[in-house]
Amino acid sequence: MSGDESVEGALVLFSGGQDSTTCLAWALARYERVETVGFDYGQRHRAELDGREALRTGIAALGGWRGTLGPDHLVNIEGGMTAIGETALTGAMEIAMTGTGLPNTFVPGRNLLFFTYAAAIAYRRNLKRLIGGMCETDYSGYPDCRDDTLKAMQLALNLGLERRFVVETPLMWIDKAGTWRLAEALGGERLVSLIVEGTLSCYRGERQLRHDWGYGCGTCPACRLREAGWRRWRERFPDRE
Ligand code: ZN
């Protein structure tokens, strides 16, 4: 099955967060064979990684995509990331803005690493499309989320692996309100609830406090972004129900 090049295959960079979960549904709605890859890099909070399998199962059932969803690949790069340096995501620091205008959660070039690993897996699995939830619209200034970066990455991978990969970023030009809207369009209220219940954006990994937009501390930058997007989405479409 993995060697059949006549099938349109995709590999989704799937962290188990809101964005990559929406991307997984997007890919399942489009392609005949979809696999996922996740990275264990010693995240401060393992909640997101731990929830991945339940999300995969839930999405596959909800969209009638059981036959489309293939295996998950979990790559442990913790040793490498730790060696590169301590940041707020992996270390014990508090989240803060740094002098460069980037939050200290930034792991330099993280997405470049992820795509390189993903391409190596996709090469072996004969999957043409590499799909990630990067977004330039309300991103936190991460240069490796930029559209130009990912277009250059596609070119580098195609040259370096001598394959025709297509890097796709369905969330690149939409905001968080648009991401909620997209999830609803792809899987209705059931996908929205799955994302609310099963994904955690919170930098602090808060799993006890439940809001209408999901779990989280409600005050860290990731919670604030998620909540603001949810509110804008509900306000923009007040007559949805
Ligand atoms: Zn939070």
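Colleague: Hey, could you run me through the pattern of salt bridges in this one?
Modeller: A side chain with one charge may pair with a side chain of the opposite charge, provided their charged atoms come close. As enumerated under the stated definition, the model contains 14 salt bridges in all. Between Arg 125 and Glu 35 there is a salt bridge, with the nearest N and O atoms lying 2.9 Å from each other. In this pair, Arg 125 is assigned in helix α5 (residues 110–125) and Glu 35 in strand β2 (residues 33–40), connecting sequence segments 90 residues apart. What makes Arg 125 buried here is its relative accessible area of 18%. Using a relative accessible area of 0% as the deciding quantity, one classes Glu 35 as buried. As a salt-bridge pair, Glu 53 and Arg 56 come within 3.1 Å of each other at their nearest N and O atoms. One end of the pair, Glu 53, and the other, Arg 56, are both in helix α3 (residues 52–62), three residues apart, so they sit about a helical turn from each other.

Colleague: For this particular structure, what's the right way to read the coordination of the zinc ion?
Modeller: Working reference: metal with six octahedral donors, ideal angles 90 or 180 degrees; metal with four tetrahedral donors, ideal angle 109.5 degrees. Looking at the zinc ion, the protein donor atoms are Cys 202 (SG), Cys 217 (SG), Cys 220 (SG) and Cys 223 (SG), and they sit 2.3 to 2.4 Å from it. Read from N- to C-terminus, the donor residues coordinating the zinc ion fall into the pattern C-x14-C-x2-C-x2-C. With a relative accessible area of 16%, Cys 217 lands in the buried category. Of the residues examined, Cys 223 reaches a relative accessible area of 1% and is grouped as buried.

Colleague: Would you mind going over the nonpolar core with me for this structure?
Modeller: Taken as a class, soluble globular proteins show a tendency for nonpolar side chains to be buried jointly. One finds Phe 115 and Leu 130 to be the most contacted residues of the largest nonpolar core, which totals 64 residues. The element that contributes the greatest number of residues to this core is helix α7 (residues 176–198), accounting for seven residues. When residues no more than four places from it in sequence are discounted, the contact partners of Leu 130 are Leu 11, Phe 115, Ala 118, Ala 119, Ala 122, Leu 157, Phe 165, Val 166, Val 167 and Glu 168.

Colleague: Sorry if this is basic, but what is going on with a nonpolar patch on the surface here?
Modeller: On the surface, a cluster of nonpolar side chains totalling about 270 Å² of accessible area is made up of Ile 84, Leu 113 and Tyr 117. Along the polypeptide, Tyr 117 turns up in helix α5.

Colleague: Can you help me understand the packing of aromatic side chains in this one?
Modeller: Any aromatic ring pair is given by two values, namely how distant the centres are and how the planes are angled relative to each other. The full count for this structure, using the stated rule, is seven aromatic pairs. Measuring from centroid to centroid gives 6.3 Å for Trp 26 and Tyr 31, while their planes differ by 75 degrees, and the two rings are edge-to-face. The exposure classification of Trp 26 matches that of Tyr 31, with both residues buried. Seen from their ring centres, Phe 39 and Tyr 117 are 6.0 Å apart, and the 55 degrees between their planes marks the pair as tilted. You can see Phe 39 sitting in strand β2 and its partner Tyr 117 sitting in helix α5, a full 78 residues away along the chain. Accessibility expressed as a relative area gives 7% for Phe 39, which makes it buried. What links up through ring pairs into an aromatic cluster is the set Phe 39, Tyr 41, Phe 114 and Tyr 117. The ring of Tyr 215 has Arg 207 sitting right over it, with the charged end atom 5.1 Å from the ring centre.

Colleague: What should I look at first to understand α7 in this one?
Modeller: An α-helix turns once per 3.6 residues; consequently, residues spaced three or four apart project the same way. The end-to-end C-alpha distance of α7, which contains 23 residues, comes to just 17 Å, noticeably less than the 33 Å that a straight helix rising 1.5 Å per residue would cover. Within α7, burial applies to Lys 176, Ala 177, Gly 178, Thr 179, Trp 180, Ala 183, Glu 184, Gly 187, Leu 191, Val 192, Ile 195 and Val 196. On the buried face of α7, the contacting elements are α1 (18–30), α3, β6 (210–211), β7 (214–215) and α8 (221–236). Structurally, the start of α7 carries an N-cap: the backbone nitrogen of Ala 177 is 3.2 Å from a side-chain oxygen of Asp 175.

Reading the values: rules and limits
- Residues numbered from 1 in each chain as written.
- Predicted model: local features only at pLDDT ≥ 70, side-chain atom pairs only at ≥ 80, totals over all residues.
- Heavy atoms only, no water.
- Salt bridge = Lys/Arg side-chain N within 4 Å of Asp/Glu carboxyl O.
- Helix = DSSP H or I, 4+ residues; strand = E, 2+ residues; numbered from the N terminus.
- Buried < 20%, exposed > 50% of the residue type's maximum accessible area, 1.4 Å probe, protein only.
- Donors = N, O, S within 2.8 Å, 3.2 Å for Na, K, Ca; no water.
- Core = buried A, V, L, I, M, F, W, Y, C linked by side-chain atoms within 4.5 Å.
- Contact = heavy atoms within 4.5 Å.
- Patch = residues over 30% accessible without salt bridge, like charges linked within 9 Å, V, L, I, M, F, W, Y side chains within 5 Å.
- Areas by Shrake-Rupley, 256 points an atom, 1.4 Å probe, with all protein chains shown as cover.
- Phe/Tyr/Trp six-rings, centres within 6.5 Å; stacked < 30°, edge-to-face > 60°.
- Lys NZ or Arg CZ within 6 Å of the ring centre and 35° of its normal.
- Expected span 1.5 Å × (residues − 1).
- Polar contact = N/O pair within 3.5 Å; in protein donor to acceptor, adjacent residues only side chain to side chain.

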